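Per-entry structural report
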Amino acid sequence: MRRVGIIGVGEYLPDKVLTNHDLEKLVDTTDEWIITRTGIKERRIASDNEAVSDLAIKAAREALEDAKLAPQDLDLIILATVTGDMPFPSTASIVQNALSAKHAAALDISAACAGFVYALSIAQQFIASGTYKNALVIGAEKLSAVTDWKDRNTCVLLGDGAGACVVSEVKEGGILSTYLGCDGSNMELLNMPAGGSRMPASHETVDSRMHYLKMRGNELFKIAVKSMTMAAEKVLEQAGLTFRDVDLIVPHQANSRIILAVAKKLGIPEDKIYLNIEKYGNMSSASTVTALVEAVKEGRVKKGDIVLLDAFGAGLVWGACVIKW
Ligand code: ACO
């Protein structure tokens, strides 16, 4: 099997900033409640004429430039999202066309907040086996399009953005192990009920606000801590490493209290955790990758470092990955 690593990173965050104080005018909430319960201060909101593909394309271009590759060098594009431009065709196809990535196969995957780790793992298999040489892995979301701006339980948590990585064969380091999992029995804790074949769009579904994300956050909280801790333990064990070997943990950014609880259980000190939730909130598939991209850009990830990605989301699904940078 070939050694596979990340050779270029990029991101795109929409310009519009929505602060907690802005939300105080929309729902019965306070800046203080949001910061202390979640760690979020503000989030980005895409404009009405920006769809997920628009965010993804910008992040992808930056990643390709960083990798010094042309779109024509790509063999595969995997886009993780739960808010694609439309049910079909895949948003990855739209990105493939916009980039003129003529030689690339393209597909979307749906694994919510664990979407980037799932997508990275799929790309790794294709390259490790020698089937493909270069893959573009994107996590992009416009969660503002499925946010119920009347529901204070969810609207304070979510944001829009995109991150991308170019994944290729590397000579040293790279992805050391990945661990993915799912427990579909708890799917009712986090979902968007209408708009699919189970409950197609109708006047009734719109009137009853069924096209918005629904979440039972308090119940999810405990499962998130347990699942992310377990996934981190498994993936490190598979890599033959311990928590002392980890230089930086880059987790999915749903809630800083979840992240700190996971790190405490694992015995990873706070200075080894990368957090950017205060700027962006929870961007589902885009969160882990954007955090990784920013950690790299800020110099928090250096050559030879061991980086642990750890994510959890709707499904319920979880995914962790150990990368030697
Ligand atoms: N402002 C003020 N009060 C609020 C707000 C708000 N925005 N939202 C809820 N409250 C109130 C509730 O109504 C409740 O009031 P009550 O006690 O009078 O009933 C009180 O605050 C406490 O509510 P809880 O839900 O118990 O608050 P909690 O501390 O659990 O925080 C949160 C809620 C932030 C949602 C947290 O549970 C969480 O982060 N859960 C996990 C989210 C997650 O991991 N999701 C998976 C990934 S996301 C994805 O896949 C898209």
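Reading the values: the criteria
Residues numbered from 1 in each chain as written. Predicted model: local features only at pLDDT ≥ 70, side-chain atom pairs only at ≥ 80, totals over all residues. Heavy atoms only, no water. Disulfide = S-S within 2.5 Å. Buried < 20%, exposed > 50% of the residue type's maximum accessible area, 1.4 Å probe, protein only. Pairing = 2+ DSSP bridges. Helix = DSSP H or I, 4+ residues; strand = E, 2+ residues; numbered from the N terminus. Axes fitted to C-alpha atoms, helices over the stretch in contact; angles between N-to-C directions. Contact = heavy atoms within 4.5 Å. Phe/Tyr/Trp six-rings, centres within 6.5 Å; stacked < 30°, edge-to-face > 60°. Core = buried A, V, L, I, M, F, W, Y, C linked by side-chain atoms within 4.5 Å. Domains from an automatic or database assignment. Salt bridge = Lys/Arg side-chain N within 4 Å of Asp/Glu carboxyl O.

Scanning the entire structure with this criterion turns up zero disulfides. Cys155 takes part in no disulfide bond, and the closest cysteine sulfur, belonging to Cys113, lies 17 Å away. Cys155 gets classed as buried once you look at its relative accessible area, which sits at 0%.

Here we have five strands laid out as an open sheet, ordered E1-E7-E6-E4-E5, and mixed in their pairing. The sheet terminates laterally at strand E1 (4-12) and strand E5 (105-109), the two strands that pair on one side only. The average angle at which neighbouring strand axes cross in this sheet is 20 degrees, direction not considered. Pairing of strand E4 (residues 76-80) with strand E6 (residues 134-142) involves five bridges; the strand directions are parallel. The partner of Leu76 across the bridge, within E6, is Ala135. This element, helix H5 (residues 115-128), spans E1, E4, E5, E6 and strand E7 (160-169) of the sheet and lies at about 165 degrees to E4. Packing of helix H11 (residues 285-297) onto the sheet brings it into contact with E1, E4, E6 and E7, and relative to E7 it is tilted by some 70 degrees.

Two faces belong to every sheet, and in a regular strand the side chains alternate between them. Among the eight residues that make up strand E13 (residues 317-324), seven are buried, leaving the element largely enclosed by the rest of the structure. As paired elements, strand E8 (residues 174-182) and E13 share eight bridges and run antiparallel to each other. What sits directly across from Ile175, in E13, is Ile323. One ladder, built from eight bridges, connects strand E12 (residues 306-313) with E13; its direction is antiparallel. Paired with Leu309 across the two strands is Cys321, which belongs to E13.

What follows concerns the packing of aromatic side chains. The tally for this structure, following the rule as stated, stands at one aromatic pair. Centre to centre, the rings of Phe126 and Tyr132 are 5.1 Å apart; their planes meet at 35 degrees, and the pair counts as tilted. Here Phe126 falls in the partly exposed class, since its relative accessible area comes to 30%.

With 41 residues, the main nonpolar core has Val235, Leu308 and Phe312 as its most contacted residues. Counting only elements with at least two residues in this core, the list comes to helix H8 (217-239), helix H9 (256-266), E12 and E13. Looking at this core element by element, the count peaks at eight residues for H8. Here this core gathers at least three residues from each of two domains, domain 1 (4-171) and domain 2 (176-324). Among all residues touching Leu308, those that are not within four sequence positions of it are Ala232, Val235, Leu236, Val246, Leu248, Ile249, Val250, Ile268, Cys321 and Val322. Core analysis: the second largest hydrophobic core is formed by 37 residues, Ile6, Tyr118, Leu120 and Val250 among them.

Glancing now at the pattern of salt bridges. By the definition in use, this model includes eight salt bridges. Residues Glu62 and Lys297 are paired through a salt bridge, measuring 2.7 Å at the closest nitrogen-oxygen approach. Placement of the pair is Glu62 in helix H3 (residues 52-67) and Lys297 in helix H11, with a sequence separation of 235 residues. The class for Glu62 is partly exposed, based on a relative accessible area of 29%.

The next point concerns the sheet that holds E8. Here four strands make up an open sheet; going across it, the order is E8-E13-E12-E11 and the pairing mixed. Edge positions in the sheet fall to E8 and strand E11 (248-251), since each of these pairs with one other strand and no more. Across the sheet, the mean angle from the axis of one strand to that of its neighbour is 15 degrees, orientation sign disregarded. On top of the sheet, H11 reaches E11 and E12; it is set at about 145 degrees to E11, its chief contact.

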